[in-house]
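Spelled out from the first residue to the last, the chains are:
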Amino acid sequence: AKKASSAERKGGNRFNKTITFSKNIIYLDVYFSALSEESKNLVLAEWMKNEEDAKRDYPLGLHLGSVFGDIRNMLSVVGMSYLMCDDYDLLVEFVDAYANLQFKAAEEALKIYSGFDFAHYWEDICFKNGPLLSPAMFEELCAKHYKKRNELVRDYGIDIISLDCDGVTEAL
């Protein structure tokens, strides 16, 4: 038997999978805008059916992505660490470009559908001994992007915003 790839075990390619089911919570991935019009229409038809169903008994959430954790995954912890020291300006450019892309995708998703109950981030940038970046670096690189996205979702009436980050986060 063929061994399933990591993407298959997680439900497919992230860029093609728009709705993630996690127990009774449904997330709209911020990469929605990358889908074809046909795929968007299929997803929207399902949302509208759910929204029209007054018996909806699950929260519907907008996944806002990650400001720094995805970049850590792309570069590796070691690669990210070298970049912090060797070319900090390039790291800033990576973070800003990626965060702005995610903001635009979330903004487009909210223009299409505004019935979300909550918004959620994934930001796995800490380990058992603390964060992978200093509090000052976090403030410079990440905080402005959180604030911008938080303002966006609040403008659409979303007042519950959660963040998933492993490890010791207190320093941030």
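Residues numbered from 1 in each chain as written. Predicted model: local features only at pLDDT ≥ 70, side-chain atom pairs only at ≥ 80, totals over all residues. Heavy atoms only, no water.

Student: Explain the overall build of the protein here, please?
Tutor: Per the secondary structure count, the protein includes 5 helices and 7 strands. Tracing the protein from N to C terminus, the helices and strands come up as α-β-β-α-β-α-α-β-β-β-α-β. Every one of the 172 residues in the protein was classed for burial, and the buried ones make up 41%. A separation of at least 24 residues holds for 79% of the contacts in the protein among residues at least 6 apart in sequence. (Helix = DSSP H or I, 4+ residues; strand = E, 2+ residues; numbered from the N terminus. Buried < 20%, exposed > 50% of the residue type's maximum accessible area, 1.4 Å probe, protein only. Contact = heavy atoms within 4.5 Å.)

Student: How should a negative patch on the surface be read in this particular structure?
Tutor: A grouping of Asp86, Asp87, Asp89 and Glu93 is seen on the molecular surface, where their side chains present a negatively charged patch. Within the secondary structure, Asp86 is located in helix 3 (residues 69-86). By relative accessible area, which is 61% here, Asp86 ends up exposed. (Patch = residues over 30% accessible without salt bridge, like charges linked within 9 Å, V, L, I, M, F, W, Y side chains within 5 Å. Areas by Shrake-Rupley, 256 points an atom, 1.4 Å probe, with all protein chains shown as cover. Salt bridge = Lys/Arg side-chain N within 4 Å of Asp/Glu carboxyl O. Lys, Arg positive; Asp, Glu negative; His and termini not counted. Charge placed at Lys NZ, Arg CZ, Asp CG, Glu CD.)

Student: Explain the pairing of strand 3 (residues 60-65) to me, please; I cannot follow it from the model alone.
Tutor: When a strand is regular, its side chains alternate between the sheet's two faces. For strand 3, the buried fraction is high: 6 of the 6 residues fall into the buried class. Judged from the 4 bridges that link them, strand 3 and strand 4 (residues 118-122) form a sheet pairing that is parallel. By the bridge assignment, His63 is partnered in strand 4 with His120. (Pairing = 2+ DSSP bridges.)

Student: Help me out: how do you make sense of helix 5 (residues 135-155) in this one?
Tutor: Every α-helical turn comprises 3.6 residues, leaving residues that sit three or four positions apart pointing alike. Helix length check: helix 5 (21 residues) gives 28 Å between terminal C-alpha atoms against 30 Å at 1.5 Å per residue, within 8%. Helix geometry: helix 5 is bent most strongly at Cys142, by close to 45 degrees. As for helix 5, its buried residues are in contact with strand 3, helix 3, helix 4 (88-112), strand 4 and strand 7 (161-164). Gly157 lies just past helix 5 and shows a positive phi near 85 degrees. (Expected span 1.5 Å × (residues − 1). Bend = angle between axes of the 7 residues up to and from the residue.)

Student: How should I be thinking about the pattern of salt bridges in this particular structure?
Tutor: Summed over all chains, the structure comprises 4 salt bridges. Lys144 serves as the salt-bridge partner of Asp96, at 3.4 Å between the closest nitrogen and oxygen. One end of the pair, Asp96, is in helix 4; the other, Lys144, is in helix 5, and 48 residues separate them in sequence. The partner of Lys104 in a salt bridge is Glu107, with the nearest N and O atoms 3.8 Å apart. With Lys104 and Glu107 both in helix 4 and 3 residues apart, the pair spans about one turn of that helix.

Student: Where do I start with the side chain of Asp96 in this structure?
Tutor: Polar side-chain contacts of Asp96 include one of 2.8 Å to the side chain of His145. Discounting chain neighbours no more than four positions away, the residues touching Asp96 are Lys144 and His145. (Polar contact = N/O pair within 3.5 Å; in protein donor to acceptor, adjacent residues only side chain to side chain.)

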